[in-house]
Amino acid sequence: MAASLAKGLSPVRAELSNGGVILVQETVMTPAVTISASFRAGSMFDPVDLPGLAYLTGRAIDRGTEHRSASMMADELDERGVSMRVSSNRQALTVSCTCLAEDFDDVLAIVADIVRNPAFPPLEIESRRSEALTILRQNEDNPAARAVDAVLELLYGWHHPYGRPPKGTVIGVESVSRADMVAFHAARVRPAAMSLAVVGDVSPDHALERARQAFDDWAAEPPAPATVAVPPLSQGRRTRVIAMPGKTQTDIAYGFTAIRRLDPRYYAYWMMNNVLGEFGLGGRLADNIRERQGMAYYAFSTLDATAGEAPLLVRAGVDPANVDRALAAIDHEVAALAAAGPTETELAETRGYLIGSIPRLLETNQSIAAFLQTSEEYGLGLDFDQRLPSLLGSVTRDDLHAAAADVLDPARAAIAVAGPAGSLV
Amino acid sequence: MLSSSGTLPTQLALRSVQLDNGLTVLVQEVHTAPLVSVWSWYGVGSRDEGIGLTGASHWVEHMNFKGTLNIPRDDMKGIVERFGGMWNGYTWIDQTTYLETASRDALDQMLFIEAERMNDSLFDREECESERTVVISELQGGDNDPEQVLDTELTATAFRAHTYRHPTIGWLHDIQAMTRDDLYAHYRRFYVPGNATLVVVGDVESDQVLRQVERHFGRIPAGVAPTRLRIAEPPQLGERRVRVEREGTTPYLKFGYHAPAATHPDFFPMLVLDAILTGAKGVNLWSSFRVAPPQRKSRLYTALFERGLASQVNGALLATADPFLYTLSFTPNEGVSLPVLEEAVFSALEPVAEGAIDDSEVTRGKRQLRARLVFEDDSVTNVAHQLGFFETVVGPGFYSKLQPCIDAVTPEQVREVAQRRLRRSSLTVGAFQPLETQ
């Protein structure tokens, strides 16, 4: 069958004269197409005194262009059942949507217009600012969000881009001006910083032709190169307590700074984190905290893939009476994995899981687009899904042990605890 | 029986078979990726719980991951993961379901797990006790979210008689008091082949799948298919109100109108009405609500956003076996009081409730729903969910009728349903007012 993914991805890549990259993967599951235009324009580019600039720029970028008013654009999208998503994380600002295959040409033209010619109408900016402030206020009332923000600040410090919340702060979002947003767009949303992924029921030839029409004449110099500073070395165990009266459960975020995505040890770290807090219900952490002690609905760990040294975060939501026990359990599992590494069984299970999950990670058009864009961002190649099994397969138990020993040390952990007052550590 | 789902590209036949013990099996071949998704569905949810036993269905779901006769607890979650698979489960008001999606090589293991789960879960006493505190932790995590607290209060206020009134996770005291034997009795009563549907979708060969299913499930005794509670909510006689006051940062407003069941003739016109009011969501409980609806031209979005009154507007009409609620949720902008927002919502709804709806709005709503039906069939996991969900909650073959039913909706039907369903006497208004102590 055409475009079957039985043997993995078969993407087509083209680079435009202005540096923009187009990635196309044809699929036939449904008569729909996902379009994702991603730019290296995330919150890491926020000025230290304007946290939230990238986020608010993203929220306003799709609300009218030089050629379409906000109302015209709303008409064109709603008539086709298309909801435009603009996401902003530390690294990237991404405009994406899914449309019916029959609407692909029209919707691609809208996406191009959004990223190239945003008008940032003042009224729309104020409306989006109100939305953003509401979301930030909701986060202030969310123990999990508060704990994660706090632990990242402890790990990286406010002056490091990973130490500030990607959505910014209330004061930051209130302070962003239209001129700031226009300047941010002009400086960062440029063709040489773009990867455009088109995935779905469309032929590569047609998608490439349309993408060239939409983006080839976009003249702009490449943006200034950016580097992410090495985070400060941990000076010891640090704990921050956030009292939130009225809450019924306490959230714990416990973390370390780890490594960059392009560090050769990344695959060992990835597998080590799977053993610690992902496999099954949440690795060794969930086995201890949830399955054996019944203390929490969730306990897991995450390791981001980022240009700079990424955070490795342990998360748990526990009864306020169990905070000390939960922290002791996390300390125990972290120290045990660092001391002895994984068992041979754990290594085999993790390897089997991560290699076997590759087809599932490529199950939807959106997930394929994200996979292709990540591969492009880190120069992993069009055949990365084919090479990944051998990359994971060559990691040894000693490699995992070394990764654990390198990063997991309770004496260097940063800890944030957010929950009801009077019951915190 | 043969039928097909209209949004799939290949239009392969859906196989529907019933085993001798009463188990319904649906198999859909989809050969776009080397994956298979298995879902087992049970006709049991929180509506099946009596006084003192609220939360039993959900807790039983948890226990069904805690070991069976032939699968120790510690192996239960790893079997499929060794093949790179994902697994999960959920319980809601009408149904409980379990799923695995993995490479096609794992199919036999997936069927083995589901057969064990149907008949041989252990419900070890110590494991039940350990899980009690896990479920309480889940409940407390939900209570941290003011929108969820408001939703619980609003639902409990809107229903007087129907068991839809209590939250699926249960009331805290019931979770504290329920015994292992209560849970096991609930499991034995509802987990029988005649009350279950097994769905297999993916890169498989139907005849082979049916042979494997017979081998794993054919041994399970038929048992007695449970009789479910038959309850009708008495008519609401006037507007109801509930106000929640608690520490927080953000106020919330929520409307709940009594809604039609999925089999009622009003359901599809109401779905189009929701698209007109807040943008089309689709009908996939598993995935549709994770993607924002196209709502920039919807009635309530334009009325509230353009006047700077609200920053979030959501509508939800879900396919349920009995009449449930059509909810509208609003988050006011900073500085906008709940009474001001409520007045604006009523002003926007008033003409709609009088039938002032343009044909073009109906056309747009139907077009949006058509697109969402396509989008939500984007994976074998989602297709399998939809087949099993509608089979369990609504009835055989309903999934394939979704698109024709939406196509058949007329503007007159939408106007008539709006006039009849958006009445104040059918409404419960919920408000969350944060206390300023932080």
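Please read these numbers as outputs of a predicted model, since none were measured by experiment. (Residues numbered from 1 in each chain as written. Chains lettered and ligands numbered in written order. Predicted model: local features only at pLDDT ≥ 70, side-chain atom pairs only at ≥ 80, totals over all residues.)

A. Structural detail: the overall build of chain A. For chain A, the helix and strand inventory stands at 16 helices and 11 strands. Relative to the 2.2 N^0.38 estimate, which gives 22 Å for 425 residues, the radius of gyration of chain A is 23 Å and therefore close to what a compact globule would have. If one aligns the C-alpha atoms of chain A with their principal axes, the spans along those axes are about 60 × 50 × 35 Å. In chain A, buried positions account for 56% of the 425 residues. Within chain A, residue pairs in contact and separated by at least 24 positions form 81% of the contacts whose partners lie at least 6 positions apart. (Helix = DSSP H or I, 4+ residues; strand = E, 2+ residues; numbered from the N terminus. Rg over C-alpha atoms; globule rule 2.2 N^0.38 Å. Buried ≥ 20, exposed ≤ 12 C-beta atoms within 10 Å, placed from the backbone. Contact = placed C-beta atoms within 7 Å.)

B. Structural detail: the overall build of chain B. When you go through chain B residue by residue, the secondary structure sums to 16 helices and 12 strands. Against the compact-globule benchmark of 22 Å for 438 residues, chain B has a radius of gyration of 22 Å, which places it among compact chains. Dimensions of chain B, computed from C-alpha atoms along their principal axes, come out at roughly 60 × 50 × 40 Å. For chain B, the proportion of its 438 residues judged to be buried stands at 55%.

C. Just the sheet that holds strand β8 (residues 250-257) of chain A, in detail. Residues and elements named next belong to chain A. Strands sit in the order β7-β11-β8-β10-β9 across an open sheet of 5 strands; the sheet is mixed. In this open sheet, the two strands that pair with only one neighbour each are β7 (238-243) and β9 (296-303). Going across the sheet, the axis of each strand differs from the next one's by a mean of 10 degrees, ignoring polarity. Strand direction decides the pairing type here: β8 and strand β11 (residues 414-419), joined by 5 bridges, are antiparallel. (Pairing = 2+ DSSP bridges. Axes fitted to C-alpha atoms, helices over the stretch in contact; angles between N-to-C directions.)

D. Local environment of the domain arrangement of chain B. All names here are of chain B. Domain parsing of chain B yields domain 1 (2-217) and domain 2 (240-435). Its C-alpha centre places domain 1 at a distance of 27 Å from the equivalent point of domain 2. With 37 residues of domain 1 at the interface, the matching set in domain 2 holds 33 residues. Of all the secondary structure elements, the ones that give two or more residues to the side of domain 1 that touches domain 2 are β3 (24-29), β4 (35-42), β6 (96-103), α6 (146-158) and β7 (196-202). Per-element tally for the side of domain 1 that touches domain 2: the top contributor is α6, with 10 residues. The residue inventory of the side of domain 1 that touches domain 2, partitioned by class, reads 16 nonpolar, 17 polar and 4 charged. (Domains from an automatic or database assignment. Nonpolar A, V, L, I, M, F, W, Y, C, P; charged D, E, K, R; others polar.)

E. Summary view of the confidence of the model for chain B. Confidence in the prediction for chain B averages 94 pLDDT; 97% of positions are at 70 or higher. As a predicted assembly, this complex carries a pTM of 0.95 together with an ipTM value of 0.93. (pLDDT = per-residue confidence, 0-100.)

F. Quick look at the environment of A229(A). Mapped onto the fold, A229(A) is located in the loop between α8 (204-215) and β7. On the basis of neighbour counts, which here come to 13 C-beta atoms within 10 Å, the residue A229(A) falls in the partly exposed class.

G. The arrangement of the sheet that holds strand β12 (residues 427-435) of chain B in detail. All names here are of chain B. Overall, mixed pairing links the 5 strands, which are arranged β8-β12-β9-β11-β10 in an open sheet. Of all strands in the sheet, those with a lone pairing partner are β8 (240-247) and β10 (310-317), marking the two edges. Going from strand to strand, the sheet's axes swing by 15 degrees on average, the running direction of each strand aside. Of the pairings in the sheet, the one linking strand β9 (residues 252-258) to strand β11 (residues 325-332) comprises 6 bridges and is antiparallel in character. The residue of β11 that forms the bridge with K254 is S329.

H. Quick peek at the packing of helix α1 (residues 53-61) of chain A against helix α4 (residues 122-140) of chain A. Residues and elements named next belong to chain A. The contact between α1 and α4 brings their axes to 9 Å, and the two run at 125 degrees. By the angle between their axes, α1 is oblique relative to α4. Between α1 and α4 the crossing geometry is right-handed. Judged by residue contacts, Y55, L56, R59 and A60 of α1 engage E124, I125, R128, R129, E131 and A132 from α4. Residues belonging to the contact of α1 with α4 are distributed by class as follows: 5 nonpolar, no polar and 5 charged. (Parallel < 35°, antiparallel > 145°, perpendicular 65-115°, else oblique. Left-handed = near helix turned anticlockwise from the far one by under 90°.)

I. Region of interest: the interface of chain A and chain B. Counting residues at the interface gives 61 residues for chain A and 61 residues for chain B. For the side of chain A that touches chain B, the elements supplying multiple residues, two or more each, are α2 (70-79), β5 (93-100), α4, β9, β10 (311-318), α12 (344-356) and α13 (358-361) of chain A. Tallying contributions element by element places α4(A) first for the side of chain A that touches chain B, with 8 residues. Taken together, the residues of the side of chain A that touches chain B break down into 25 nonpolar, 21 polar and 15 charged.

J. Representation of the nonpolar core within the structure. Counting residues in hydrophobic clusters, the biggest one holds 260 residues, and the most contacted among them are V111(A), V151(A) and A326(A). Per-element tally for this core: the top contributor is helix α10 (residues 267-278) of chain B, with 9 residues. Those residues in contact with V151(A) that lie beyond four places of it in its chain are A253(A), Y254(A), G255(A), L313(A), A414(A), I415(A) and A416(A). (Core = buried A, V, L, I, M, F, W, Y, C linked by C-beta atoms within 7 Å.)

K. Local environment of helix α9 (residues 266-277) of chain A. All names here are of chain A. For α9, spanning 12 residues, the distance from its first C-alpha to its last is 16 Å, which sits close to the expected 16 Å at 1.5 Å a residue. Most of α9 is tucked away, with 11 of its 12 residues classed as buried. Within α9, burial applies to Y266, A268, Y269, W270, M271, M272, N273, N274, V275, L276 and G277. (Expected span 1.5 Å × (residues − 1).)

L. Focus on unusual backbone geometry. Phi at F120(A) takes a positive value of approximately 45 degrees, unusual for a residue other than glycine. Counting through the fold element by element, F120(A) comes out in the loop between α3 (104-116) and α4. Classification of F120(A) by C-beta neighbours within 10 Å gives partly exposed; the count is 18. In this structure, F123(B) takes a positive phi of about 55 degrees despite not being glycine. Summarising the element assignment, F123(B) is placed in the loop between α4 (107-119) and α5 (125-143). Residue classification places F123(B) among the buried positions, given that 21 C-beta atoms sit within 10 Å.

M. View of the packing of helix α1 (residues 56-63) of chain B against helix α8 (residues 180-190) of chain B. Residues and elements named next belong to chain B. The contact between α1 and α8 brings their axes to 9 Å, and the two run at 85 degrees. Here α1 lies roughly perpendicular to α8, going by the angle between them. For the pair α1 and α8, contact is made by A56, S57, W59, V60 and M63 and by D182, L183, H186 and Y187, respectively. By residue class, the composition of the contact of α1 with α8 is 6 nonpolar, 2 polar and 1 charged.

N. Quick look at the domain arrangement of chain A. Residues and elements named next belong to chain A. Taken domain by domain, chain A consists of domain 1 (12-215) and domain 2 (238-419). Measuring from the centre of the C-alpha atoms in domain 1 to the corresponding centre in domain 2 gives 28 Å. Contacts between the two partners involve 28 residues from domain 1, matched on the other side by 33 residues from domain 2. When contributions to the side of domain 1 that touches domain 2 are tallied by element, the ones reaching two or more residues are β2 (21-26), β3 (32-39), α5 (143-156) and β6 (194-200). Take the side of domain 1 that touches domain 2: its biggest share by element is 11 residues, from α5. Residue composition of the side of domain 1 that touches domain 2, by class: 16 nonpolar, 9 polar and 3 charged.

O. Quick peek at the environment of A186(A). All names here are of chain A. By the secondary structure assignment, A186 is in helix α7 (residues 178-188). Here A186 falls in the exposed class, since 11 other C-beta atoms lie within 10 Å of it. When the C-alpha positions of A186 and V334 are compared, they lie 45 Å apart, and in sequence the two are 148 residues distant.

P. How the structure looks around α10(B). All names here are of chain B. Its 12 residues place the ends of α10 16 Å apart at the C-alpha level, agreeing with the 16 Å of an ideal helix rising 1.5 Å per residue. Of all 12 residues that make up α10, 12 are buried, and the element is covered over most of its length. For α10, the set of buried residues is F267, F268, P269, M270, L271, V272, L273, D274, A275, I276, L277 and T278. Directly beyond the C-terminal end of α10, a positive phi value near 90 degrees is found at G279.

Q. Geometry of the pairing of β8(A). Residues and elements named next belong to chain A. Of all 8 residues that make up β8, 8 are buried, and the element is covered over most of its length. Of the two faces of β8, the one carrying T250, I252, Y254 and F256 and the one carrying D251, A253, G255 and T257 are both buried. Relative to β10, β8 runs antiparallel, the two sharing 8 bridges. Its bridge partner lying in β10, F256 is registered against L312.

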